[in-house]
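# Tertiary structure, described
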Amino acid sequence: MPDTAQTDRRGFLTDALRTTGGFALVGAGGFLAGRRGRTELKVWQLDPDKCTACGNCATYCVLDVSAVKCVNFFDMCGFCDICTGYFETNYWSLDTAAENQLCPTGAVIRRFVEEQSGQRFYEYTIDGPLCIGCGKCVKGCALMNGSMYLQVEHDRCLDCNECAIATACPAEAFYRIPAEQVEILKQSTIGILERRGRHRVRTAGDDPQLRSEGLSLLARAAAQRQWRAWQEEWDARQQGEEEPSGS
Ligand code: SF4
Ligand code: SF4
Ligand code: SF4
């Protein structure tokens, strides 16, 4: 669960490991690999760069409440006062009353962080169990920074042979990925992880924890780069197969 201890915006921005709603995702790779004893195990995951937040993730999953959930990647978040992922377009007032919220289940939690030069900043976290994966906040947030996006939560996903959402996805955003990879990050965030990782390793000095955090960030980014290269090949192959012969 997200750390709810008092913190400031700078605290968030120095820690790229924090993606609310993403903790179950991050823990699942090791869990699944360990549970089944096979590192080559594959799991379903969706590419947030391809996803158009069409709503199918909420309705096509075989589970009563979808295994797909929203995450908020703090390093991309603007901590906006008027968050387009939180407020209805026609909100009555900038408060947490249900009629002002875009999320149908109240799963996006807004909390005041700090005020600077007359500007107020808010933290937005996702209450995982309440999220139904409808993607409304994702669509709203795309109008600003795009820090909110959908991911399959592996602790809940049944890993169906044929994922019903993958079949229904109009954006062909679903992939089988190595279980230890766990997530698919937006491509624009990989560089952020690398910069943070390098900085942390460089400034760690004798602090083994900082160094290990830095190395984790770099490993996380490397896994994403490796997978993106594979995805490019895979998509090209798929496209080749779909083109009519002789064209
Ligand atoms: S079905 Fe595809 S496009 Fe629609 S919300 Fe899910 S991943 Fe996104
Ligand atoms: S708007 Fe939809 S996807 Fe976003 S947190 Fe609420 S239920 Fe989840
Ligand atoms: S694999 Fe099955 S449980 Fe997992 S997201 Fe797809 S339909 Fe839902």
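Residues numbered from 1 in each chain as written. Chains lettered and ligands numbered in written order. Predicted model: local features only at pLDDT ≥ 70, side-chain atom pairs only at ≥ 80, totals over all residues.

Taken together, 14 residues form the shell around ligand 1, and within it Cys51, Cys54, Asn56, Cys57 and Cys169 come nearest. Split by residue class, the shell around ligand 1 holds 11 nonpolar, 3 polar and no charged. (Near = placed C-beta within 6 Å. Nonpolar A, V, L, I, M, F, W, Y, C, P; charged D, E, K, R; others polar.)

Right, let's talk about the pairing of strand E3 (residues 68-73) for a bit. Burial analysis of E3 places 6 of its 6 residues in the buried class, which makes it a mostly covered element. Burial of the side chains of E3 extends over both faces: Val68, Cys70 and Asn72 are buried on one face and Lys69, Val71 and Phe73 on the other. Two strands pair when backbone bridges link them, and E3 and strand E6 (residues 148-152) are joined in this way by 5 bridges, in the antiparallel orientation. Across the sheet, Val68 pairs through a bridge with Val152, a residue of E6. (Buried ≥ 20, exposed ≤ 12 C-beta atoms within 10 Å, placed from the backbone. Helix = DSSP H or I, 4+ residues; strand = E, 2+ residues; numbered from the N terminus. Pairing = 2+ DSSP bridges.)

The subject of this paragraph is the nonpolar core. The nonpolar side chains of a soluble globular protein tend to be buried with one another. In this structure, Cys70, Cys137, Val138 and Leu150 are the most contacted members of the largest nonpolar core, which totals 45 residues. Apart from residues lying up to four places away in sequence, Val138 is in contact with Ala53, Cys70, Met148, Tyr149 and Leu150. (Core = buried A, V, L, I, M, F, W, Y, C linked by C-beta atoms within 7 Å. Contact = placed C-beta atoms within 7 Å.)

For the rest of this paragraph, the subject is the site of ligand 3. Surveying the vicinity of ligand 3 reveals 14 residues, the closest of which are Cys61, Cys157, Leu158, Cys160 and Cys163. For the shell around ligand 3, a count of residues per class yields 13 nonpolar, no polar and 1 charged.

Of all residues except glycine, most have a negative phi; of all peptide bonds, most are trans. We note that Ala53 has phi near 55 degrees; this positive angle belongs to a residue other than glycine. Residue placement: Ala53 occurs in the loop between strand E2 (42-46) and helix H3 (56-59). Backbone geometry at Phe79 places phi at a positive 50 degrees, although glycine is not the residue there. Position of Phe79 among the secondary structure elements: in the loop between E3 and strand E4 (108-116). We classify Phe79 as buried; it has 20 C-beta atoms within 10 Å.

Structurally, Cys51 is set in the loop between E2 and H3. Given 24 C-beta atoms within 10 Å, Cys51 falls into the buried group. Considering only alpha carbons, one finds Cys51 and Glu172, 121 residues apart in sequence, at a separation of 8.0 Å. Contact partners of Cys51, with chain neighbours within four places excluded, come to Leu46, Tyr149, Leu150, Ala171 and Ala173.

Compared with the 51 Å implied by 1.5 Å per residue over 35 residues, the 51 Å span of helix H7 (residues 208-242) between its first and last C-alpha is a close match. What H7 keeps buried is the set Gly214, Leu217, Arg220, Ala221, Gln224 and Trp227. Against the buried residues of H7 lie strand E7 (174-178) and helix H6 (187-203). (Expected span 1.5 Å × (residues − 1).)

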